[in-house]
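Notes for the structure review
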Amino acid sequence: VSTQSTWAMENVPFVQNYLLTLFCNFPNLSRRQIEIFIKGLFELKDDAQMFRSHVRDFLIQLKEFASQDNTDLYDDEREAELQRKKEMTVRRHLAVPGLQQPVPPNARDVDGEMMD
């Protein structure tokens, strides 16, 4: 076992204990909730989607969190949904003859006339 892996194995329990002590200062959370959250942080570290979901679930449990801005937690899903809607609109337009512009917008000049 290398020195670095031994160092990492020793630090994981230290960080877990530190986080447990830190989160125990929140009176609205039980020790069991905190332990589950911390365990999940380390177990789900390799799966970004599950990790994000785990953090969201924990934040929902915090009453203090309700007053903060959490929109950045949902940016990926919002962006994917917008892209999906855009693709559906394009497919729907392509399915109906005449809905799609015959000339791309960049082929027109500023006042809408065709460029020569």
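Now for a description of the structure that goes with this document. Throughout this description, residue numbers start from 1 for each chain and increase along the sequence as written. The model is predicted, so local features are restricted to residues of pLDDT at least 70 and side-chain atom pairs to those at 80 or more, both for listing and for counting; the totals for chains, interfaces and linings are taken over all residues. Side-chain descriptors were evaluated using all non-hydrogen atoms of the structure, hydrogens and water having been removed beforehand.

This part covers the pattern of salt bridges. Whenever a carboxyl oxygen of Asp or Glu lies within 4 Å of a side-chain nitrogen of Lys or Arg, that contact is scored as a salt bridge. Under the defined criterion, the tally for this structure stands at six salt bridges. With its nearest N and O atoms 3.2 Å apart, the salt bridge here joins Glu-35 to Arg-31. Here Arg-31 and Glu-35 lie together in helix H2 (residues 31-43), a separation of four residues that amounts to about one turn. Relative accessibility under 20% of the residue-type maximum defines a buried residue, over 50% an exposed one, and the middle range a partly exposed one, all with a 1.4 Å probe and only protein chains included. You can call Glu-35 partly exposed: its relative accessible area is 32%. The closest approach of N and O atoms between Glu-43 and Lys-39, which form a salt bridge, is 3.8 Å. A residue pair is termed a helical-turn pair when its members lie 3 or 4 positions apart in one helix, as Glu-43 and Lys-39 do in helix H2 at four residues. The two residues Glu-43 and Lys-39 agree in class, both being exposed. Beyond isolated ion pairs, a larger network of salt bridges with shared partners links Arg-31, Arg-32 and Glu-35. A run of DSSP states H or I qualifies as a helix once it reaches four residues; a run of E qualifies as a strand once it reaches two. Both are numbered from the N-terminal end.

Exposure above 30% relative accessible area and the lack of any salt bridge qualify a residue for a patch; like charges then connect within 9 Å, and the nonpolar side chains Val, Leu, Ile, Met, Phe, Trp and Tyr within 5 Å. Here the open area of atoms and residues is found with the Shrake-Rupley method and a 1.4 Å probe, where only the protein chains shown may cover a residue. Together, Phe-14, Val-15, Tyr-18 and Leu-22 make up an exposed nonpolar region whose accessible area comes to about 400 Å². Tracing the backbone through its elements, the reader meets Leu-22 in helix H1 (residues 3-23).

On to the packing of aromatic side chains, then. Only centres within 6.5 Å qualify two rings of Phe, Tyr or Trp (six-membered ring in Trp) as a pair; their planes then separate them into stacked at under 30 degrees, edge-to-face at over 60, and tilted for everything else. Tallied over the full model, the rule gives three aromatic pairs. A ring pair is formed by Phe-23 and Phe-37, whose centres lie 5.6 Å apart and whose planes are at 85°; its orientation type is edge-to-face. Of this pair, Phe-23 sits in helix H1 while Phe-37 sits in helix H2, and the two are 14 residues apart along the sequence. Relative to Phe-58, the ring of Phe-37 lies with its centre 3.8 Å away and its plane at 15°, an arrangement referred to as stacked. Remark: Phe-58 occurs in helix H3 (residues 48-61) and Phe-37 occurs in helix H2; sequence separation between them is 21 residues. You'll find Phe-37 and Phe-58 in the same group, each marked buried. Three or more aromatic residues joined by ring pairs form one cluster here, namely Phe-23, Phe-37 and Phe-58.

By the secondary structure assignment, Arg-56 is in helix H3. Under the relative-accessibility criterion, Arg-56 is labelled buried at 14%. One polar contact links Arg-56 to Glu-77, side chain to side chain, over a distance of 2.9 Å. Whenever two N or O atoms come within 3.5 Å, that pair is a polar contact, provided that in protein one can donate a hydrogen and the other can accept it, and provided that, for residues adjacent in sequence, both atoms are side-chain atoms.

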